[in-house]
Amino acid sequence: MSLETQGTGCPFGFGAQAGADTGTAAASANPAPAATHNATHHGYEPFQMKDPFPAYAALRAEEPVMFDERIGYFVVSRYDDIKAVFDDWETFSSENAQAPVRKRGPQATQIMNEGGFTAYSGLSARIPPEHTRIRGIVQKAFTPRRFKVLEPFIRQNVADRLDAMIAKGTGHGEIVKDLAYEVPTITILTLIGEDIARIDDYKRWSDSRAAMTWGDLTDEEQIPHAHNLVEYWQACLALVAKAHAEGGDNLVADLVTAQKDGAEISDHEIASVCYSLLFAGHETTTTLISNALRLLAADPATWAALTEDPKKIPGAIDEVLRYSGSIVAWRRKALKDAEIGGVAIPKGSEILLVMGSANRDESKFEDPEVFDITRPNAREHLSFGFGIHYCLGNMLAKLQAKIALEEATAKLPHLHVDDPESIEFRENLSFRVPISVPVSWEA
């Protein structure tokens, strides 16, 4: 994704069921139930991310399950309701998690069909038994051992980028561009076995995937993104072919080896895992690092506390994930008539689970609008989801954020954000991503 449009709860949100990422899905056309229709939507604007939290609070208080006819989704905003939906995959399917919010136009569809685009994505939109089968195989390859091997590499990469930012000699930097943009991408490319010189390709393709899936584009605006997605999918297929031909010490080669040893996973499914991982595995971690520095360095006392005691960093990361997660909303579909928070949900309804609201639910978190790195239950946030689709790569995402904060507090003890209130966020249905985070570090 480009520097201006970065943005998945799961940093490794392996995603989609057949049909969900192939371009035919669109927002629900269900009519608004009379009992939930309102003119103001309590201030909620689905694509606006500058400061959605007052609207989230209004939703929780006034209409915690609201049908929004503008997007065709039931919008769910309370913690307990969202957690229950995540946990009931048999009623609330993830099959729409990666479906385009806006229907793809005929030209984009033709480009992708003619280009052989058949990506299903990896796991987040699959359902059992397919989800169970593939996740079990991927989990055996996606191990803490691989993370441990990568840790020195990640730390050196972070240190190099911070040193380069400091070496400019201006006393000023920009966290997204100077640090967060490249670090997670290099990590994922290394994990997958791809050439790290292709960072710009994968960022460009990720930009297009986010725009086509969660954006609000005209048919004409979709055309260049459609070409990019064809290139992206062909690169994923090429990675699998390379692993078959050459082997290697990387995740794709591990999955190919597992397949040869009898694991029930196809080349197409391995390529789909790559398609998800090479997007979700870096975009939301870029956002996590950006948000961590944005929030923690905005308050001198908080930054000083971390500088003096780096053992507080893991707790601070969980509070960042609670207070300002990379993903603020995720989707589900009702497979049968159901009920959420006392509201009838007809079979076939589209549901938007607003985790960004759940993570500030006053019934779950005391003084939820206060950013507190010592919060005892911060880890109970829903930014990585819940249930069978809980983020498989959460440990690697948090590891990279931890290393970034350890290195930044050591090298820049006087770091501060220049103007926290002026930071802008890209419009998007699901991702809340700062466009830039200007910082200074003079004592």
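Visitor: Help me out: how do you make sense of the overall build of the protein in this one?
Guide: When its secondary structure is counted, the protein shows 15 helices and 10 strands. The C-alpha atoms of the protein give a radius of gyration of 21 Å, which matches the 22 Å a tight globule of 443 residues would have. Once the C-alpha set of the protein is aligned to its principal axes, its extents read approximately 60 × 55 × 40 Å. Within the protein, buried positions represent 59% of all 443 residues.

Visitor: Before we go on, may I ask you to explain the packing of aromatic side chains in this structure?
Guide: Describing an aromatic ring pair means giving the distance of the ring centres and the angle of the ring planes. Across all of its chains, the model carries 17 aromatic pairs by this definition. Pairing Phe-117 with Tyr-275 gives two aromatic rings, centres 5.8 Å apart and planes at 70°, and the pair type is edge-to-face. Of this pair, Phe-117 sits in the loop between α3 (106-114) and α4 (130-141) while Tyr-275 sits in helix α11 (residues 267-296); the two residues are 158 residues apart in sequence, bridging distant segments of the chain. Judged by relative accessible area, which is 4%, Phe-117 ranks as buried. Pairwise contacts between aromatic rings join Phe-117, Tyr-202, Trp-205, Tyr-232, Trp-233 and Tyr-275 into one cluster. We note Arg-360 situated over the ring of Phe-53; from NZ or CZ to the ring centre the distance is 3.4 Å. Over the ring of Tyr-323 we find Arg-360; its NZ or CZ atom is 3.8 Å from the centre of that ring.

Visitor: Is there a simple way to explain the pattern of salt bridges in this structure?
Guide: Any two side chains of opposite charge can pair if their charged atoms end up close together. The final tally for this structure, using the stated rule, is 26 salt bridges. Residues Glu-151 and Lys-148 are paired through a salt bridge, measuring 3.7 Å at the closest nitrogen-oxygen approach. You can see Glu-151 and its partner Lys-148 sitting in helix α5 (residues 144-167), three residues apart, about one turn around the helix. Note that Arg-322 is salt-bridged to Glu-319, the shortest N-O span being 2.8 Å. On the criterion of helical spacing, the pair formed by Arg-322 and Glu-319 is a turn pair, its members being three residues apart in helix α13 (residues 313-323). You'll find Arg-322 and Glu-319 in the same group, each marked buried. Each of Lys-148, Glu-151, Arg-155, Lys-402, Glu-406 and Glu-407 takes part in salt bridges that share partners, so that together they form one network.

Visitor: Can you help me understand the pairing of strand β8 (residues 350-353) in this one?
Guide: Residues in a regular strand project their side chains so that they alternate between the two faces of the sheet. The alternating pattern of β8 places Glu-350 and Leu-352 on one face and Ile-351 and Leu-353 on the opposite face, and all of these are buried. With four bridges joining them, strand β2 (residues 73-76) and β8 adopt parallel strand pairing. Residue pairing across strands places Phe-74 opposite Ile-351, the latter belonging to β8. Both strand β5 (residues 330-334) and β8 contribute to a ladder of four bridges, which runs antiparallel. Within β8, the residue paired with Arg-331 across the bridge is Leu-352.

Visitor: I tried to follow the sheet that holds strand β10 (residues 438-440) on my own but got confused; where do I start?
Guide: Within a sheet, each strand pairs with its neighbour through backbone hydrogen bonds, oriented either parallel or antiparallel. Here we have three strands laid out as an open sheet, ordered β4-β10-β9, and antiparallel in their pairing. Strands at the two margins of the open sheet, each flanked by one partner only, are β4 (172-174) and β9 (416-417). Pairing geometry for β9 and β10, over two bridges, is antiparallel. Note on β10: the bridge partner recorded for His-416 is Ser-440.

Visitor: Just to check I follow, could you spell out the nonpolar core for this structure?
Guide: Nonpolar side chains in soluble globular proteins tend to be buried together. If you look at the biggest cluster of nonpolar residues, it comprises 134 residues, and the most contacted ones within it are Ile-192, Tyr-232, Leu-278 and Leu-296. When residues in this core are grouped by element, the largest group, 15 residues, is from α11. The contacts of Ile-192, once residues within four sequence positions are left out, are Leu-239, Asn-250, Leu-251, Val-252, Cys-274, Leu-277 and Leu-278.

Visitor: Would you explain the packing of α5 against helix α7 (residues 183-192) in this entry?
Guide: A pair of packed helices is characterised by two quantities: the angle between their axes and the separation of those axes. α7 packs onto α5 with a crossing angle of 145° between their chain directions and a minimal axis gap of 10 Å. Note on packing geometry: the crossing formed by α5 with α7 is right-handed. Between α5, through Arg-146, Leu-150, Phe-153, Ile-154, Asn-157, Val-158 and Arg-161, and α7, the contact on the second element is made entirely by Val-183, Ile-186, Thr-187, Thr-190 and Leu-191.

Visitor: What is the right way to look at the packing of α4 against helix α10 (residues 251-260) in this model?
Guide: Two elements in contact, α4 and α10, have axes separated by 9 Å at closest approach and are oriented at 125°. Regarding the angle of α4 to α10, the classification is oblique. Both α4 and α10 take part in a crossing whose hand is right-handed. Where α4 abuts α10, its residues Ile-137, Val-138 and Ala-141 lie against Leu-251, Asp-254, Leu-255 and Ala-258. Among the residues forming the contact of α4 with α10, the class breakdown is six nonpolar, no polar and one charged.

Visitor: Just to check I follow, could you spell out a negative patch on the surface for this structure?
Guide: Together, Asp-51, Asp-418, Asp-419 and Glu-421 make up a region of like negative charge exposed at the surface. Along the chain, the position of Asp-51 falls in the segment before α1 (53-62). A relative accessible area of 48% means that Asp-51 is categorised as partly exposed.

Visitor: It is not clear to me how the pairing of β2 should be interpreted in this structure. Could you clarify?
Guide: Here β2 shows a buried face lined by Tyr-73 and Val-75 and a second buried face lined by Phe-74 and Val-76. Two elements, strand β1 (residues 65-68) and β2, share four bridges in a ladder whose sense is antiparallel. Bridge pairing links Val-65 to Val-76 in β2. Counting the residues between successive antiparallel strands, the hairpin from β1 to β2 contains four residues, one of them, Gly-72, with a positive phi of roughly 80°.

About the criteria used
- Residues numbered from 1 in each chain as written.
- Predicted model: local features only at pLDDT ≥ 70, side-chain atom pairs only at ≥ 80, totals over all residues.
- Heavy atoms only, no water.
- Helix = DSSP H or I, 4+ residues; strand = E, 2+ residues; numbered from the N terminus.
- Rg over C-alpha atoms; globule rule 2.2 N^0.38 Å.
- Buried < 20%, exposed > 50% of the residue type's maximum accessible area, 1.4 Å probe, protein only.
- Phe/Tyr/Trp six-rings, centres within 6.5 Å; stacked < 30°, edge-to-face > 60°.
- Lys NZ or Arg CZ within 6 Å of the ring centre and 35° of its normal.
- Salt bridge = Lys/Arg side-chain N within 4 Å of Asp/Glu carboxyl O.
- Pairing = 2+ DSSP bridges.
- Core = buried A, V, L, I, M, F, W, Y, C linked by side-chain atoms within 4.5 Å.
- Contact = heavy atoms within 4.5 Å.
- Axes fitted to C-alpha atoms, helices over the stretch in contact; angles between N-to-C directions.
- Left-handed = near helix turned anticlockwise from the far one by under 90°.
- Parallel < 35°, antiparallel > 145°, perpendicular 65-115°, else oblique.
- Nonpolar A, V, L, I, M, F, W, Y, C, P; charged D, E, K, R; others polar.
- Patch = residues over 30% accessible without salt bridge, like charges linked within 9 Å, V, L, I, M, F, W, Y side chains within 5 Å.
- Areas by Shrake-Rupley, 256 points an atom, 1.4 Å probe, with all protein chains shown as cover.
- Lys, Arg positive; Asp, Glu negative; His and termini not counted.
- Charge placed at Lys NZ, Arg CZ, Asp CG, Glu CD.

Keep in mind these values describe shape, not function.
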